[in-house]
Amino acid sequence: MRASPVRGHVEVVCGPMFAGKTEELVRRVRRARLAGLDVEVVNHALDERRGPGQVASHSGLSLEARTASDVADLRALLAGRSPDIVAIDEAQFFGADVVALVDELAASGVTVLVAGLCVTFDGRSFEPLPTLMATAEVVTRLTAVCAVCGGEATFHQRVDARDPGDPLAPAEAHVGGIESYQARCRHHLTAR
Ligand code: ADP
Ligand code: MG
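Residues numbered from 1 in each chain as written. Chains lettered and ligands numbered in written order. Predicted model: local features only at pLDDT ≥ 70, side-chain atom pairs only at ≥ 80, totals over all residues. Heavy atoms only, no water.

With an unreviewed UniProt entry as reference, the chain is termed Thymidine kinase, source organism Ornithinimicrobium ciconiae. Regarding the chain, the UniProt comment filed under Subcellular location (unreviewed entry) reads as follows: "Cytoplasm". Listed under Subunit (unreviewed entry) in UniProt, the entry text for the chain is "Homotetramer." (UniProt positions renumbered as here; feature names shortened; annotations may be inferred.)

Following this line, the structure appears as structure tokens:
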């Protein structure tokens, strides 16, 4: 049997907020670099939690990254580069156009690692992740821990201190600002 040639492919890491998507992306990037591979890490400009130039997890793991505001920006950033792996975090912010770019990169021999939210804060499916999941060679679907019952959280929702109807309105639910998010299982998702 002939050894299969090295070819580009797509790996998707998806789930709700707090599922460990960024941790998993950081783990794969570090591992690839240990193997001597050239990895370009890109984050969306909207993710400013640690300032520009980083992907950062909720647990404090981080990695240097280039920052792009849209797909055109992402293309410009990759122009003239031929890395072994392109790792994109917060892919949902790049919108539908990122699907074509991911396909092109994989066709040209690049391994594309794409992490992002596949659900919105009100429990709906969030493109482009579902489309990317449909054609990726590898899909890793992660869950978080439900903030109410400790069960498998496939959703997250906004917890707003100004919402008197929210049973979780106390201040401890709002670390980091007026608006924050919690992981929720389907039984405790109240935002949909
Ligand atoms: P994502 O990129 O999917 O939002 P991160 O990789 O940034 O997730 O963060 C995952 C980390 O978040 C976990 O390892 C844990 O330390 C922390 N965390 C905080 N709240 C939760 C939760 N409800 N469920 C799981 N992990 C949580
Ligand atoms: Mg993340």
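Novice: Which residues make up the confidence of the model for the chain, and what are the values?
Specialist: Low pLDDT means the predicted coordinates in that region are not meant to be read closely. Considering every residue of the chain, the mean pLDDT works out to 90; 87% of them sit at 70 or more. Long-range and interchain partners of residues 168-178, a stretch whose pLDDT sits below 50, account for 21 contacts in this model, where long-range means more than four residues apart. (pLDDT = per-residue confidence, 0-100. Contact = heavy atoms within 4.5 Å.)

Novice: Give a description of the environment of glycine 150 that names residues and reports values.
Specialist: Tracing the chain through its elements places glycine 150 in the loop between strand 9 (144-145) and strand 10 (152-153). In this structure, the C-alpha to C-alpha distance between glycine 150 and arginine 184, residues 34 residues apart in sequence, is 8.7 Å. (Helix = DSSP H or I, 4+ residues; strand = E, 2+ residues; numbered from the N terminus.)

Novice: I'd like a description of the UniProt feature "binding site: ATP" (unreviewed entry) in the chain, backed by residues and values.
Specialist: Here the UniProt-annotated "binding site: ATP" (unreviewed entry) positions come out as Gly15, Pro16, Met17, Phe18, Ala19, Gly20, Lys21, Thr22, Asp89, Glu90, Ala91 and Gln92. Note that glycine 15 resides in strand 1 (residues 9-15). When neighbours within four sequence positions are excluded, glycine 15 is seen to be in contact with Lys21, Gly116, Leu117, Cys118, Arg141 and Leu142. Within the secondary structure layout, alanine 19 lies in the loop between strand 1 and helix 1 (21-34). Looking at alanine 19, the relative accessible area reads 12%, which means it is buried. Non-local contacts of alanine 19, meaning those with residues more than four positions away in its chain, are made with Leu142, Thr143 and Ala144. (Buried < 20%, exposed > 50% of the residue type's maximum accessible area, 1.4 Å probe, protein only.)

Novice: So what's going on with unusual backbone geometry? Which residues, and what values?
Specialist: Cis peptide bonds are those with omega within 30 degrees of zero, and the linkage from glutamate 127 to proline 128 qualifies with 10 degrees. Here phenylalanine 18, not a glycine, exhibits a phi torsion of approximately 75 degrees, which is positive. Among the secondary structure elements, phenylalanine 18 is positioned in the loop between strand 1 and helix 1. The exposure class assigned to phenylalanine 18 is partly exposed, which follows from its relative accessible area of 37%. The phi dihedral of glutamate 90 falls on the positive side, at around 55 degrees, and the residue is not glycine. Inspection of the secondary structure assignment puts glutamate 90 in the loop between strand 6 (85-88) and helix 3 (98-107). According to the relative accessible area criterion, glutamate 90 is buried, its value standing at 11%.

Novice: Account for the nonpolar core, naming residues and giving values.
Specialist: Counting 26 residues, the largest nonpolar core has Leu74, Ile88, Phe94, Val102 and Val112 as its most contacted members. Apart from the residues lying within four places of it in its own chain, the contact partners of valine 112 are His9, Val10, Glu11, Val86, Ile88, Val102, Leu105 and Ala106. Ala19, Ala32, Val41 and Ala183 belong to the second largest nonpolar core, which has 21 residues in total. (Core = buried A, V, L, I, M, F, W, Y, C linked by side-chain atoms within 4.5 Å.)

Novice: Run through the site of ligand 1, naming residues and quoting values.
Specialist: In the vicinity of ligand 1 there are 14 residues, among which Phe18, Lys21, Glu23, His58 and Val145 approach most closely. The contact in question runs from an oxygen atom of ligand 1 to an N or O atom on the backbone of alanine 19, over 3.1 Å. Contact distances for ligand 1 include 2.6 Å between an oxygen atom and a side-chain N or O atom of glutamate 23. Protein contact buries 74% of the 580 Å² of open area that ligand 1 shows by itself. Mapped by element, the contributors of at least two residues to the shell around ligand 1 are helix 1 and strand 9. Here the shell around ligand 1 gets three residues from one element, more than from any other, and that element is helix 1. (Near = heavy atom within 4 Å. Polar contact = N/O pair within 3.5 Å; in protein donor to acceptor, adjacent residues only side chain to side chain. Areas by Shrake-Rupley, 256 points an atom, 1.4 Å probe, with all protein chains shown as cover.)

Novice: Explain the packing of aromatic side chains residue by residue, including any values.
Specialist: This structure, assessed with the given rule, holds zero aromatic pairs. Against the face of phenylalanine 121 rests arginine 158, its NZ or CZ located 4.1 Å from the ring centre. (Phe/Tyr/Trp six-rings, centres within 6.5 Å; stacked < 30°, edge-to-face > 60°. Lys NZ or Arg CZ within 6 Å of the ring centre and 35° of its normal.)

Novice: Lay out the UniProt feature "binding site: substrate" (unreviewed entry) in the chain in plain terms, naming residues and giving numbers.
Specialist: Sequence positions flagged by UniProt for "binding site: substrate" (unreviewed entry) are, in local numbering, Tyr181. Structurally, tyrosine 181 is set in strand 12 (residues 179-184). Apart from the residues within four sequence positions on either side, tyrosine 181 is in contact with Met17, Phe18, Phe121, His156, Gln157, Arg158 and Val159.

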